[in-house]
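Here is what each chain is made of, one letter per residue.
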Amino acid sequence: MGSKKELTQILEDSLKNNQNYYKQGELPNYIPTLAKADPKAVGISMVDVEGDFYSAGDFETNFTIQSVSKPLVLILAILDNGTELVFDKVGVEPTGDPFNSIIKLTGFAKPYNPMINAGAIAVTSMIKGKDNEEKFDRILKFFRRLAKNDELELDQETYLSEKDTGDRNRSLAYYMRDQDIIEGDIEEIVDLYFKQCSIKVNCIDLANMAVILANQGIDPVTEERIIPKKIARIVRTLMATCGMYDKSGSFAIEVGLAAKSGVGGGIMAEVPERFGIGVYGPTLDDKGNSIVGMRVLKELSEKLNLSIF
Ligand code: GLN
């Protein structure tokens with residue numbers, strides 16, 4: 001694979017070669033605080049299964065996790081309820097539609113998959129706890145454990161911004177309750193979803209989370225099993241097939257990794273038995289994926305021969 005210095009150089013080159021593509025994307029303004037990010041920021045961290053880190057650029061910059069939270073909360077929901085119950089309520093098929101689409105909700109028995117908003121909200125509604133405070137505390141603690149970072153916190157401003165503008169998500173949730181897909185207080189359910197999306201992370205956090213998936217659920221450093229192997233496999237598969245929304249197909253061809261993007265600009269990707277990767281670039285393509293993040297992953301996939309296909 002080459003030395004640590006060589007890999008760090010490859011990361012630095014890939015940021016430099018792709019940074020300018022930020023101009024092809026846009027900052028999301030449907031959640032107003034996200035539009036305040038520095039559009040030129042770009043960072044990456046990789047951690048290998050020996051626990052060695054390689055980073056470049058703005059890898060310590062914080063951003064909100066947004067939809068990268070979806071596979072992680074899915075893991076917790078399956079641990080809480082079992083696979084059968086969760087997938088009784090949410091499907092496992094790609095949609096080919098935008099992440100917040102309502103089209104494939106009406107007339108279908110359940111949301112297509114847990115990586116789109118409707119499916120993710122249904123998953124969030126299954127998290128156990130006596131009240132929302134306890135449920136959020138469980139999600140935050142789980143994220144901290146995966147990221148090995150006790151300092152992960154809620155970004156209050158983004159949370160409030162999203163709560164203020166989140167009517168599409170409310171619509172999805174109310175419709176799902178009408179269809180008996182979810183139950184309970186809708187405002188509380190979407191509030192918990194807005195909070196899980198507004199947890200602040202950086203590239204190192206995402207790389208740490210991803211390497212556990214890459215290592216089939218075992219923390220490669222402590223060798224502790226964090227996620228049962230079967231659940232890790234389900235979540236990785238859903239990331240590979242649905243993680244980049246209606247760009248999942250071309251991303252599979254061009255990059256070939258199980259990955260999950262978020263509108264905060266982060267992408268978490270895993271290379272089986274090799275690496276966890278966190279990449280950041282806040283301007284997005286029309287599907288809500290980081291433009292520079294995808295470019296950087298493409299270059300790395302080609303240079304380091306990372307594609308699983
Ligand atoms: N919180 C965002 C939303 O619900 C997450 C979307 C995303 O990251 N793609 O709209």
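Our subject in this report is the structure included herewith. (Residues numbered from 1 in each chain as written. Predicted model: local features only at pLDDT ≥ 70, side-chain atom pairs only at ≥ 80, totals over all residues. Heavy atoms only, no water.)

1. Re the site of the ligand
Taken together, the residues surrounding the ligand are Y30, Q66, S67, F99, N117, E162, N169, Y193, C197, Y245, G262 and V263. The side chain of Q66 places a nitrogen or oxygen atom 2.6 Å from a nitrogen atom of the ligand. Here an oxygen atom of the ligand and a side-chain polar atom of N117 are 3.1 Å apart. (Near = heavy atom within 4 Å. Polar contact = N/O pair within 3.5 Å; in protein donor to acceptor, adjacent residues only side chain to side chain.)

2. Notes on the environment of D97
As for its placement among the helices and strands, D97 is situated in the loop between α3 (83-89) and α4 (117-124). Put simply, D97 and N149 are 52 residues apart on the chain and 34 Å apart in space, counted from C-alpha to C-alpha. Leaving out residues up to four positions away in the same chain, D97 has contacts with I103, K104 and D246. Polar side-chain contacts of D97 include one of 2.9 Å to the side chain of K104. (Helix = DSSP H or I, 4+ residues; strand = E, 2+ residues; numbered from the N terminus. Contact = heavy atoms within 4.5 Å.)

3. Thoughts on the packing of aromatic side chains
Scanning the entire structure with this criterion turns up five aromatic pairs. Ring centres 5.4 Å apart and planes at 85° place the aromatic pair F108 and Y112 in the edge-to-face group. Residue classification places F108 among the partly exposed residues on the basis of a relative accessible area of 36%. What links up through ring pairs into an aromatic cluster is the set Y30, F99 and Y245. We note K104 situated over the ring of Y112; from NZ or CZ to the ring centre the distance is 5.5 Å. (Phe/Tyr/Trp six-rings, centres within 6.5 Å; stacked < 30°, edge-to-face > 60°. Buried < 20%, exposed > 50% of the residue type's maximum accessible area, 1.4 Å probe, protein only. Lys NZ or Arg CZ within 6 Å of the ring centre and 35° of its normal.)

4. Section: the side chain of S290
Looking at the secondary structure, you find S290 in the loop between β7 (275-280) and α12 (291-304). The class of S290 is buried, set by a relative accessible area of 0%. Within the structure, S290 has its side chain in polar contact with the backbone nitrogen of G293 (distance 2.9 Å). Not counting residues within four places of it along the chain, the set of residues in contact with S290 comprises G265, I267, G281, T283 and L284.

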